[in-house]
Protein chains: 2
Amino acid sequence: MLPLPGLHGTIAASLAAFPSTALDRWALRRIQQTVPGAAIRFTLWDGFSLTSGPAPPVASIRFNNRGALASWVWDPELNFGETYMSGAVSITGDLVSLLEEIYRRFPDTKRRRFRLQGGSNDISRARAHVHRHYDLGNHFYRYWLDREMVYTCAYFPEPGTTLEDAQVAKMERVCRKLQLRRGERVVEAGCGWGALALFMARQYGVSVTAFNLSVEQIAFARERAREQGLSDLVDFVEDDYRNVSGTYDAFVSVGMLEHVGLDGFEQLGAVIDRSLTGNGRGLLHFIGRDRPLPLNAWIRKRIFPGAYPPTLREVCEHVLEPPGLSIFDVENLRPHYATTLHHWLQRFNDASDRIGAMFDEPFVRAWRLYLAGSQAAFTTGCMQLFQVVFGRPSSPGVPWARIGG
Amino acid sequence: MLPLPGLHGTIAASLAAFPSTALDRWALRRIQQTVPGAAIRFTLWDGFSLTSGPAPPVASIRFNNRGALASWVWDPELNFGETYMSGAVSITGDLVSLLEEIYRRFPDTKRRRFRLQGGSNDISRARAHVHRHYDLGNHFYRYWLDREMVYTCAYFPEPGTTLEDAQVAKMERVCRKLQLRRGERVVEAGCGWGALALFMARQYGVSVTAFNLSVEQIAFARERAREQGLSDLVDFVEDDYRNVSGTYDAFVSVGMLEHVGLDGFEQLGAVIDRSLTGNGRGLLHFIGRDRPLPLNAWIRKRIFPGAYPPTLREVCEHVLEPPGLSIFDVENLRPHYATTLHHWLQRFNDASDRIGAMFDEPFVRAWRLYLAGSQAAFTTGCMQLFQVVFGRPSSPGVPWARIGG
């Protein structure tokens, strides 16, 4: 998908020896103008540089060859990531601050309303996508996730809460929002390494049927259930959530909706509808948007194939409204995800040598950029994190008092 | 709009002397079948009655003449209210329980998705609608509202909180959700008798510009501002919210959106957008639905002309999404509105002799039915009460910890 793939390699390296031309400098200026006023220094291989903005630059972007420069003119959204990953572009200064500068200045025309085309996630494609991201090895994720291996937004009662405590606080919050009572049956769609399912069973005495397509995650989760003596209460099922059967008092899905895609929303709504008892409650926790916009092209290519963070409106319209479910509560946890990502990125950077030895440097740079970019997207408001609680309209489910901060 | 208007009068009265025919009994059965299994006794003028449901009837509906019976076959949604109001239908037993039985059994086909047609509320029509409902005389509302004259859903920290305290708690909750700080400027769209505007100025030291089309309410509110020495801080403007000018730190509207109508949503979004500063926050408090459905025809005819309670999705799509506003928080206060209405109905019934002397018996019955029907709509989940907090995506406005119960 790169417009000038060859130029990233040896040919490009030889070009770097040449001084920049007027055309190169025009290209740099053009790139700079896509983020007007950003406090960023843009530099070419021969030292030529441009700076704009009233403040001193927060970071520098250096194009190490002409191919990288040309690829940014062609498709900056995709090739920022591609060239950073390959090393054809270097960044000095704080990566998160740099990305925040870019996101804040991104012109609003780029944020026009659109309707996502194509690419449904049928079960085999969903399985391939899940395998690609989540089966990178549990060791890899152990380096930078918390002790419980929770790979979704945490909840920080105080900004200084540790990540370990914040993930427990998030799980506690989810259970309280669902009003779980001992003996109830819960179904979880997309259970990761099983932390929430095990927490619900252990702390709230509910039985849980938890679905996940990731082979490695399910194996890990089953082992934990055995270790904790919870195998009777928690059933980890290596299958697609669309194959959920039976009825449950609660439906919960934390961090899966982003992977479903708009095309699958009505079916998800139907699964929830047929799974929930008359007094059943549900919770959807997902990365969302204020306005419909596709996920960054590079993130889709390298990190999350098939992913789409929806607006709250799209979730209402396509998931909850068709079965007539009632929205009880919506919380936007945006600042909590920025903080969660801050912790993940710090731990990731601390372990980058070991991760580099497991994979390679482009992999390390790709994941660093993904984590830093996600943090910047939450601090600047390009992305939201919605927790939506819902239930049957006829049930007495809207709680008298909601869970506060 | 009544199909058989003459029959409600003297002709109908004379018919009542006749025994019911097979056709009358067929009609009664047909009416009964519109709410299958409801624990309601349906009775004709000559004592013939039908009862269904496993439980003893919660109440009886008595048709006092053939015209009333025929009008229910023709259009039960409209003519339930019309015939109860005129006295052609009598109800014994608890009115709220009766309406809950009906709402719970209302077949789902009646709740099909639809798109509302016609009837935009331009400013002159909006003014006429507001005048019709809100200019009935402050004395009338004094009989059954709280001390502060707040005619919107209260917030009950405990189910046993008094209505007076619950309305203060609601205003406090709105201010905290808006994160008001001393010296800020607030614009209020649809300010009723001014209670919230005065509360914000008094308790939070903000200046408020408050809009309302009701002549009587604005006069009352201005008088209160003078009495409380708040005229410098609160400017009550007798005008449409569409004429809001200037910029503000907060936009608040409690109980007005239901009167705007879908056609006016984009314009409301544009007003909010041009009024809010970069760090501005907003709150919309409104009666809503799980799925699009017109307001009951009788309520539109007799109580709230031009009103439409929207879904959360419609508010996202047409008000908040076009200007790119970010949703921070949504709370469904349905049980609180059921309790608020319970208080209002009790007070209304206690004052019904005095209200009957001010107006007439059909007026008293109409308002009793409206209040009881609204209470039943909230207890059964036919209606929701959403409080939506929003702001600019780029602002640091999403609070770290939200307001709990």
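Predicted model, so just to flag it, every value in this text is computed and none were measured. (Residues numbered from 1 in each chain as written. Chains lettered and ligands numbered in written order. Predicted model: local features only at pLDDT ≥ 70, side-chain atom pairs only at ≥ 80, totals over all residues.)

Caption draft 1: Geometry of the sheet that holds strand S1 (residues 40-43) of chain B. All names here are of chain B. Taken in spatial order, the four strands of this open sheet run S2-S1-S3-S4, and their pairing is mixed. Two strands lie at the open edges of the sheet, namely strand S2 (49-51) and strand S4 (89-93), each paired on one side alone. For this sheet, the mean inter-axis angle between neighbouring strands, taken without regard to orientation, is 15 degrees. (Pairing = 2+ DSSP bridges. Helix = DSSP H or I, 4+ residues; strand = E, 2+ residues; numbered from the N terminus. Axes fitted to C-alpha atoms, helices over the stretch in contact; angles between N-to-C directions.)

Caption draft 2: Structural view of the sheet that holds strand S4 (residues 89-93) of chain A. All names here are of chain A. The strand order across the open sheet built from four strands is S2-S1-S3-S4, with neighbouring strands paired in mixed fashion. Because the sheet does not close on itself, it has two edges, and the strands there are strand S2 (49-51) and S4. Neighbouring strand axes in the sheet, compared pairwise and without regard to direction, differ in orientation by 15 degrees on average. Where strand S3 (residues 59-63) and S4 come together, five bridges link them in antiparallel fashion. Residue pairing across strands places phenylalanine 63 opposite valine 89, the latter belonging to S4. Across the sheet, helix H5 (residues 95-105) touches strand S1 (40-43), S3 and S4, and the angle it forms with S4 is around 105 degrees. (Contact = placed C-beta atoms within 7 Å.)

Caption draft 3: Summary view of the relation of the copies chain B and chain A. Each copy superposes on the other: chain B lies on chain A with an RMSD of 0.0 Å after a rotation of 180 degrees and an axial shift of 0.0 Å. The superposition operator between the copies reduces to a two-fold rotation axis. Taking C-alpha positions as the reference, the residue of chain B nearest the rotation axis is Gly404(B), at 1.5 Å. Taken as a fraction of all interface residues of chain B, those also at the interface in chain A reach 100%, which identifies the copy contact as same-surface. (Least-squares fit on C-alpha atoms with pLDDT ≥ 70 in both.)

Caption draft 4: The arrangement of the domain arrangement of chain A in detail. All names here are of chain A. Its domain assignment divides chain A into domain 1 (5-111) and domain 2 (123-391). Of note, the centres of domain 1 and domain 2, computed from C-alpha atoms alone, are 34 Å apart. On the side of domain 2, 20 residues touch domain 1, which itself brings 15 residues to the contact. The element contributing the most residues to the side of domain 1 that touches domain 2 is helix H4 (residues 76-86), with eight residues. Among the residues making up the side of domain 1 that touches domain 2, the classes are represented as eight nonpolar, two polar and five charged. (Domains from an automatic or database assignment. Nonpolar A, V, L, I, M, F, W, Y, C, P; charged D, E, K, R; others polar.)

Caption draft 5: Region of the structure containing unusual backbone geometry. With phi around 55 degrees, Met149(A) is a residue other than glycine that occupies positive phi space. Checked against the element boundaries, Met149(A) lands in the loop between helix H7 (138-142) and helix H8 (163-177).

Caption draft 6: Geometry of the interface of chain B and chain A. Contact with chain B, which involves 34 residues of that partner, is made by 34 residues of chain A. Among the elements of the structure, helix H13 (312-320), strand S10 (326-332) and helix H14 (334-350) of chain B are those that each provide at least two residues to the side of chain B that touches chain A. Among the elements that take part in the side of chain B that touches chain A, S10(B) stands out by supplying seven residues, more than any other. Grouping the amino acids of the side of chain B that touches chain A by side-chain chemistry returns 13 nonpolar, ten polar and eleven charged. Pairing geometry for strand S10 (residues 326-332) of chain A and S10(B), over three bridges, is antiparallel.

Caption draft 7: Quick peek at the packing of helix H13 (residues 312-320) of chain A against H13(B). Remark: H13(A) packs on H13(B), axes separated minimally by 9 Å, with the N-to-C direction vectors making an angle of 140 degrees. It follows from the interaxial angle that H13(A) and H13(B) lie oblique. As for how H13(A) packs across H13(B), the hand of that crossing is left-handed. Of the residues in H13(B), those touching H13(A) at Leu312(A), Arg313(A), Cys316(A) and Glu317(A) are Leu312(B), Arg313(B), Cys316(B) and Glu317(B). Considering only residue class, the contact of H13(A) with H13(B) consists of four nonpolar, no polar and four charged. (Parallel < 35°, antiparallel > 145°, perpendicular 65-115°, else oblique. Left-handed = near helix turned anticlockwise from the far one by under 90°.)

Caption draft 8: Local environment of the nonpolar core. Grouped together as the largest cluster of nonpolar side chains are 245 residues, with contacts concentrated most on Met200(A) and Met200(B). Beyond its immediate chain neighbours, meaning those up to four positions away, Met200(A) contacts Cys175(A), Leu180(A), Val186(A), Val206(A) and Val208(A). (Core = buried A, V, L, I, M, F, W, Y, C linked by C-beta atoms within 7 Å. Buried ≥ 20, exposed ≤ 12 C-beta atoms within 10 Å, placed from the backbone.)

Caption draft 9: Quick look at helix H9 (residues 195-204) of chain A. All names here are of chain A. In terms of burial, H9 is a largely internal element, eight of the ten residues being buried. Among all positions in H9, only Ala195, Leu196, Ala197, Leu198, Phe199, Met200, Ala201 and Tyr204 are buried. Of the surrounding secondary structure, the elements contacted by the buried residues of H9 are H8, strand S5 (185-189), strand S6 (207-212), helix H10 (215-227), strand S7 (234-238) and strand S8 (248-254). Glycine 205 lies just past H9 and shows a positive phi near 65 degrees.

Caption draft 10: Inspection of the packing of helix H4 (residues 76-86) of chain B against helix H16 (residues 361-379) of chain B at higher detail. Residues and elements named next belong to chain B. For the pair H4 and H16, the least separation of the axes is 7 Å and the interaxial angle reads 140 degrees. Considered as vectors, H4 and H16 are oriented oblique to each other. Crossing handedness for the pair H4 and H16: right-handed. Facing H4, whose interface residues are Gly81, Tyr84, Met85 and Ser86, H16 presents Pro362, Arg365, Ala366 and Leu369. Residues that form the contact of H4 with H16 fall into these classes: five nonpolar, two polar and one charged.

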